[in-house]
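Coordinates in review
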Amino acid sequence: MILDAIIALLASVFDCIAGAAAIVFVPIINLFIGVVEAIVGFFVSGFSLSRIERKKSSDRPLASAIWQSTVFVLLTCAIAWLFVVPKILNRKLTMVGKDGHSLPFAALIIHTDDGDQHERTDNSGNIRIPRFSTTGVTVKDPRYIENTWTKNEIESQLIVGRTILGSGLDALADRLLMPAKE
């Protein structure tokens, strides 16, 4: 009995999603069919394709139409929240050494209104930081010269100096990562 209720719930939600999607996609599909008719009509006289029709509002109750519109709006908001909002609330920051190489796995302290966050850059020197609540960024890594940027100084790319340890490790990495001689 519970399984029947779950199946009925999923079927009603799918029906609402399909109905809401039809509001958007039926005119687009009919436009595409019209374009195909026009192109084929140049070569074949009397060629026509049938159009897709939505259910008329009199065929379904008002509550169903409101329910479908609500589900469509909620799904659109959920998709926007998942994909658009993180792009707006966060910004990408690239840490680069004075020699032009990126800083992989550099230890940073992101100063925000809520407190400090200890983070590391990815393997190409990029990190995502909060766009609005960040008050400063500090490089705190023995390979790089410690430096702090305030909110006004933070740009999309920050230049960092290397310590002797960092320069030595980079030179060693360059030598070890060279292709083998044949």
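Everything below is about the structure shown above.
None of these values were measured; they are calculated from a predicted model.

1. So, the nonpolar core
Membership of the largest hydrophobic core comes to 15 residues, with the highest contact counts inside it found for Leu93, Met95, Ile129, Val139, Trp149 and Val160. Those residues in contact with leucine 93 that sit more than four places away from it in its chain are Gly125, Asn126, Ile127, Ile129, Val137, Ile154, Glu155, Ser156 and Leu158.

2. A look at the sheet that holds strand β6 (residues 147-150)
If you walk across this open sheet you meet the four strands as β3-β2-β5-β6, and the pairing is antiparallel. Since the sheet does not close on itself, it has two edges, and those belong to β3 (115-120) and β6, each with one partner. Strand-to-strand twist across the sheet, computed as the mean angle between neighbouring axes with direction ignored, equals 20°. Where strand β5 (residues 134-139) lies against β6, four bridges are found, and the strand directions are antiparallel. If you follow valine 139 over to β6, its bridge partner there is asparagine 147.

3. Topic: the pattern of salt bridges
Taken as a whole and assessed by the stated rule, the structure comprises four salt bridges. Here aspartate 99 ties to arginine 162 by a salt bridge, and the two come within 3.2 Å at their closest N and O atoms. A residue pair is termed long-range when its members are at least 10 positions apart, and aspartate 99 in the loop between β1 (90-97) and β2 (107-112) and arginine 162 in the loop between β7 (157-160) and α4 (164-176) qualify at 63 residues. On the accessibility criterion, arginine 162 (15% relative accessible area) is buried. With a shortest N-O distance of 3.8 Å, arginine 120 and aspartate 141 are connected by a salt bridge. With arginine 120 in strand β3 and aspartate 141 in the loop between β5 and β6, this pair connects stretches of sequence that are 21 residues apart.

4. A few points about the side chain of threonine 94
By the secondary structure assignment, threonine 94 is in strand β1. Under the relative-accessibility criterion, threonine 94 is labelled buried at 18%. A polar contact of 2.8 Å, which involves the side chain of threonine 94, links it to the side chain of asparagine 126.

5. Notes on the sheet that holds β7
Taken in spatial order, the three strands of this open sheet run β4-β1-β7, and their pairing is mixed. Of all strands in the sheet, those bounded by a partner on one side alone are β4 (126-130) and β7. For this sheet the average axis-to-axis angle between neighbouring strands, irrespective of direction, equals 35°.

Conventions and cut-offs
In every chain, residue numbers begin from 1 and rise along the written sequence. Given that the model is predicted, a residue must reach a pLDDT of at least 70 before its local features are reported, and side-chain atom pairs must reach 80 or more before they are shown or counted; all residues, however, enter totals for whole chains, interfaces and linings. Side-chain numbers here rest on the full set of heavy atoms in the structure, without hydrogens or water. Among the buried residues, those of types Ala, Val, Leu, Ile, Met, Phe, Trp, Tyr and Cys that are joined through side-chain atoms within 4.5 Å form a nonpolar core. Exposed residues in this analysis have more than 50% of their type's maximum accessible area, buried residues have under 20%, and partly exposed residues fall in between, with area computed by a 1.4 Å probe over protein chains only. Any two residues having at least one pair of non-hydrogen atoms within 4.5 Å are treated as being in contact. A pair of strands counts as paired when DSSP detects no fewer than two bridges linking them. The numbering of helices and of strands both runs from the N terminus, where a helix is a DSSP run of H or I of at least 4 residues and a strand a run of E of at least 2. Axes, fitted as lines to C-alpha atoms, cover a helix only where it is in contact. Angles between the N-to-C directions of the axes lie from 0 to 180 degrees. A pairing counts as a salt bridge when a side-chain nitrogen of Lys or Arg comes within 4 Å of a carboxyl oxygen of Asp or Glu. Any N or O atom pair separated by 3.5 Å or less is treated as a polar contact, with the protein-specific requirement of one donor-capable and one acceptor-capable atom, and with residues adjacent in sequence counted only for side-chain atom pairs.

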